[in-house]
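The lines below spell out each chain.
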Amino acid sequence: MYQFVSVLVILVSILLILIVLVQNSKGGGLASNFSASNQVMGVRKTADFLEKATWTLAGALLVLSFVSVMVLPKGQMQSGSAIDEEIQNMTAPTQELPDFGVGEGEATPSGGTVGDSL
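Residues numbered from 1 in each chain as written. Predicted model: local features only at pLDDT ≥ 70, side-chain atom pairs only at ≥ 80, totals over all residues. Heavy atoms only, no water.

## Some points on the overall build of the protein
Helices and strands together make up the secondary structure of the protein, namely 3 helices and 0 strands. Counting from the amino terminus, helix and strand elements in the protein follow one another as α-α-α. Sorting the 118 residues of the protein into buried and exposed places 13% on the buried side. Considering only residue pairs separated by 6 or more positions, the protein has 61% of its internal contacts joining residues 24 or more positions apart. Roughly 10,100 Å² of accessible area belongs to the protein as shown, and the carbon and sulfur atoms make up 64% of that amount. (Helix = DSSP H or I, 4+ residues; strand = E, 2+ residues; numbered from the N terminus. Buried < 20%, exposed > 50% of the residue type's maximum accessible area, 1.4 Å probe, protein only. Contact = heavy atoms within 4.5 Å. Areas by Shrake-Rupley, 256 points an atom, 1.4 Å probe, with all protein chains shown as cover.)

## As for the side chain of Ser68
Along the chain, Ser68 turns up in helix α2 (residues 43-70). According to the relative accessible area criterion, Ser68 is buried, its value standing at 15%. Apart from the residues lying within four places of it in its own chain, the contact partners of Ser68 are Tyr2 and Val5.

## Digging into the nonpolar core
Among the nonpolar cores identified, the biggest contains 9 residues, and these are Val5, Val9, Val12, Leu16, Ile19, Leu50, Ala53, Leu57 and Leu64. Those elements that provide at least two residues to this core are α1 (2-22) and α2. Element by element, the count of residues in this core is highest for α1, at 5 residues. Setting aside residues up to four positions removed in sequence, Leu16 forms contacts with Thr54, Leu57, Ala58 and Leu61. (Core = buried A, V, L, I, M, F, W, Y, C linked by side-chain atoms within 4.5 Å.)

## A look at the environment of Ala58
Among the secondary structure elements, Ala58 is positioned in helix α2. Taking the relative accessible area as the measure of exposure, Ala58 reaches 31% and is therefore partly exposed. Taking the C-alpha atoms as reference, Ala58 lies 8.4 Å from Ser13; in sequence the two are 45 residues apart.

Purely geometric numbers; function is a separate question.
Quick look at the structure:
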């Protein structure tokens, strides 16, 4: 059911975008193509149709948004977020500082020991 409502929301959104792009606030757009007064759908009727279609699609999008929230699939209820679980399950790093092979009593390139050079 949720997928069906999601497809309807996307379809209504695309139609709303197309209807808004066809309109022109200065009286142009689709309405400018029907400028003859003897047309069945004249300039004013085309503008009325586009305005009613815009408001209808906007209302449908609002209603479908609420419906999509109501039919949202309910998963298993978790007590906390996934990030909190990862933090609780995280272990402290056990790696110590790296040993570069130079330690107390080892020979240095100058022939002495590390402790002797001080």
